[in-house]
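Observations on the model geometry
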Amino acid sequence: MKQLIVLAAALLSGCASVSPERGMAPVSGLAGERIGKDVRLLQGDSDNAALAALIDSRLKNPLQADDAVQIALLNHRGLQAAYWSVGIAEAELVQAGRLHNPGFHFERTVGGGEVGIERSLTLNMASVLMAPLARRIEQRRYEQTWLQVADQMLRHAASTRRAYYEAVAAAQTGIYAGQVRTAAEAAAELTARMAQVGNVSQLDLAREQLFRAESAAGAGRAAQRAVAAREALTRLMGLSGAAAATYRLPERLPDLPPSLVQLGEVEAIAVRERLDIRAATIEARRTAESLGLSRSTRFINVLDLGYLRNSDGARSASGYAISLELPLFDWGTARVARAEAIYMQAAAKVAQTAVDAGSEARERYRDYRGAYDIARRYGDEVIPLRKKIADENQLRYNGMLISVFELLADAREQAKAVADTIDAQKAFWIAQTDLETALGGRLPANNAAKNAASNAANNAANTGKEITP
């Protein structure tokens, strides 16, 4: 019996060990597959030094969207804390494959001139019998954990990309608002001089002074929005100190791609690729296996098998003992009913998660197409027509057919069109990011993001080549 207990312990405890790198491998692989980024745990000074070098190399040139995402996935400490959740789940998985430690009991009694010694070695046989099932349950829990962490990682990447476009658009709007303010100040000064010699009315003067004041206020608001958007991006990247203060953004958003990605069944793609659906499905399976465990242990809650050896003076005896909890009061029906209810709850959550994912994918795809059409209309029609009107008004002004105030009024309308164009471009890039999030990864290979990256690289060609990890 003693040999049987030792053999069971050796076979079931195994030699599994905990490795943070191995535990993070699924998350790292999925990051490379879905968004083409490097994700890893920071475990010491060498990792931190490598990260600092990567950040320095990425911040030498104006920051690109992919660079911001890569920095965020490695440098954000809250995300690093989430990565360690995978290590915790892996440790629990390894622990589930190990037996409970055996118990040793020793008793020595003296009486009547005799010495009695009792020794026993016990092992929880219930844990031995249920160890394979318990390990399968913990395996599901581990898979669910890394899927949840991977989903959090993808969503953080999407949030960083949105914040990047917000920051670049806010900075671009701020620069243009400053130019409008400068022009308004010049126009107001010119109008004031003309009013001094009686060439314009006080009404025209008041209008230009009002425009100058509104332009100054608008430039101030644009500067505030630019600071707030930049700080939001900085937080998501986890930057602080000199790096947070000195990194540069491009002066303008990337150009629109020449065409859109045409997707068929976006709902099917989302249901197939979304990690939150996979995590919910694993949770339902884990609950089902837990239900099986509850039924298996409905009557056997405690089962201890032990080896005994008693000594009484010159005599000794050996044998075994079994300890079993009798189901006189608790027959386990409540535990089984609770497990069944939890399973039905988990199954309902899976179904609703799939329905929500499909609806979100359809909505985001419509937003993506609509935002592209709006931005393209501004770029292809509104701005060219505004420029044509400005050129025609300049010719009429040069021919003394219109006044300077009509020319200035047209300039104000042109400024509004430029601001609306920037907003439309920003809305498109954010809509594309939201679509990628809804689909659970990047768009197909011929996607707009690659075109955008190419355009961004061309725009930044004078600042040097993009650095890759």
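On a predicted model such as this, the values are computed, not experimentally measured, just so you know. (Residues numbered from 1 in each chain as written. Predicted model: local features only at pLDDT ≥ 70, side-chain atom pairs only at ≥ 80, totals over all residues. Heavy atoms only, no water.)

1. Observations concerning the overall build of the chain
Tallying secondary structure elements over the chain gives 13 helices and 4 strands in all. A buried classification covers 41% of the 469 residues belonging to the chain. Of the contacts formed within the chain by residues at least 6 apart in sequence, a portion of 79% connects residues at least 24 apart. Summed over its atoms, the accessible surface of the chain is roughly 25,000 Å², and 55% of this surface lies on carbon and sulfur atoms. (Helix = DSSP H or I, 4+ residues; strand = E, 2+ residues; numbered from the N terminus. Buried < 20%, exposed > 50% of the residue type's maximum accessible area, 1.4 Å probe, protein only. Contact = heavy atoms within 4.5 Å. Areas by Shrake-Rupley, 256 points an atom, 1.4 Å probe, with all protein chains shown as cover.)

2. Brief notes about helix H9 (residues 266-273)
Burial in H9 covers these residues: Val266, Ile269 and Ala270. Looking straight down H9, one finds that the buried residues subtend no more than 95° of arc, so they occupy a single side. (Arc of directions from axis to C-beta.)

3. Quick word on the pattern of salt bridges
Tallied over the full model, the rule gives 19 salt bridges. Here arginine 376 and aspartate 380 are joined by a salt bridge, their closest N and O atoms 3.6 Å apart. Separated by 4 residues within a single helix, arginine 376 and aspartate 380 lie in helix H11 (residues 333-398), roughly one turn from each other. Exposure remark for arginine 376: the relative accessible area of 25% places this residue in the partly exposed category. Close ionic contact of glutamate 381 with arginine 377 constitutes a salt bridge, the shortest N to O distance being 3.1 Å. Of this pair, glutamate 381 and arginine 377 both sit in helix H11, separated by 4 residues, roughly a single helical turn. The class of glutamate 381 is partly exposed, set by a relative accessible area of 37%. (Salt bridge = Lys/Arg side-chain N within 4 Å of Asp/Glu carboxyl O.)

4. Remarks on the environment of alanine 222
Structurally, the position occupied by alanine 222 is in helix H7 (residues 202-237). Overall, the relative accessible area of 3% leaves alanine 222 in the buried class. Placed 44 residues apart in sequence, alanine 222 and glycine 178 show a C-alpha to C-alpha distance of 8.7 Å. In contact with alanine 222, not counting residues within four places along its chain, are Ala170, Thr173, Gly174 and Ala177.

5. A look at helix H3 (residues 45-58)
Two residues of an α-helix separated by three or four positions point the same way, owing to the 3.6 residues in each turn. The end-to-end C-alpha distance of H3, which contains 14 residues, comes to 20 Å, matching closely the 20 Å that a straight helix rising 1.5 Å per residue would cover. Every buried residue belonging to H3 is among Leu51, Leu54, Ile55, Ser57 and Arg58, and all of these are buried. When H3 is viewed along its axis, its buried side chains cluster within an angular range of 165° and face the same direction. Facing away from the buried side of H3 by more than 90 degrees, the exposed set consists of Asp45 and Ser46. Against helix H4 (65-75) and helix H5 (77-96) lie the buried residues of H3. (Expected span 1.5 Å × (residues − 1).)

6. Details of the packing of aromatic side chains
What the rule picks out here adds up to 6 aromatic pairs. Relative to tryptophan 429, the ring of tyrosine 165 has its centre 5.7 Å away and its plane inclined at 25°; by these criteria the two rings are stacked. Note that tyrosine 165 is positioned in helix H6 (residues 125-196) and tryptophan 429 in helix H12 (residues 404-439), a separation of 264 residues in sequence. The pair formed by tyrosine 165 and tryptophan 429 is uniform in burial state, with each residue classed as buried. Aromatic rings pair up to connect Tyr164, Tyr165, Tyr365, Tyr368, Tyr372, Phe428 and Trp429 into one cluster. Between arginine 230 and the ring centre of tyrosine 247, over which it is positioned, the NZ or CZ distance is 3.8 Å. (Phe/Tyr/Trp six-rings, centres within 6.5 Å; stacked < 30°, edge-to-face > 60°. Lys NZ or Arg CZ within 6 Å of the ring centre and 35° of its normal.)

7. Quick word on the confidence of the model for the chain
Per-residue confidence for the chain averages 77 on the pLDDT scale, and 75% of its residues sit at or above 70. The element-level mean pLDDT for the chain is lowest in helix H13 (residues 448-459), coming to 43, with H4 highest at 94. A low-confidence stretch, residues 298-303 stays under pLDDT 50, and its non-local contacts, those more than four residues away or across chains, total 22 contacts. (pLDDT = per-residue confidence, 0-100.)

8. Some remarks on the side chain of threonine 433
Looking at the element boundaries, threonine 433 is found in helix H12. The class for threonine 433 is buried, based on a relative accessible area of 3%. Not counting chain neighbours up to four residues away, the residues in contact with threonine 433 comprise Ala158, Arg161, Arg162 and Tyr165.

9. Structural notes on the layout of surface pockets
The computed volume of the second largest pocket comes to approximately 640 Å³. If you go around the second largest pocket, you meet 23 residues; those closest to its centre are Thr173, Ala177, Gly218, Arg225 and Ala419. For the lining of the second largest pocket, the secondary structure elements donating two or more residues are H6, H7 and H12. Here the lining of the second largest pocket takes 9 residues from H7, the largest share from any one element. For the lining of the second largest pocket, the per-class residue count stands at 11 nonpolar, 3 polar and 9 charged. (1 Å grid on protein atoms, 1.4 Å probe; cavity = no way out; pocket = protein on both sides within 12 Å on 5 of 7 lines; lining within 4 Å. Points joined across faces, edges and corners; volume = space filled by probe spheres on them. Nonpolar A, V, L, I, M, F, W, Y, C, P; charged D, E, K, R; others polar.)

10. Quick word on the packing of H3 against H4
Geometrically, a packed helix pair is captured by the angle between its two axes and the distance between the axes. Running from N to C, H3 and H4 cross one another at 160°; their axes reach a closest spacing of 11 Å. Viewed along their axes, H3 and H4 adopt a mutual orientation that is roughly antiparallel. Crossing geometry of H3 relative to H4 is assigned as left-handed. Contacts between H3 and H4 involve Leu51, Leu54, Ile55 and Arg58 from the former and Asp66, Asp67, Gln70, Ile71, Leu74 and Asn75 from the latter. (Axes fitted to C-alpha atoms, helices over the stretch in contact; angles between N-to-C directions. Parallel < 35°, antiparallel > 145°, perpendicular 65-115°, else oblique. Left-handed = near helix turned anticlockwise from the far one by under 90°.)

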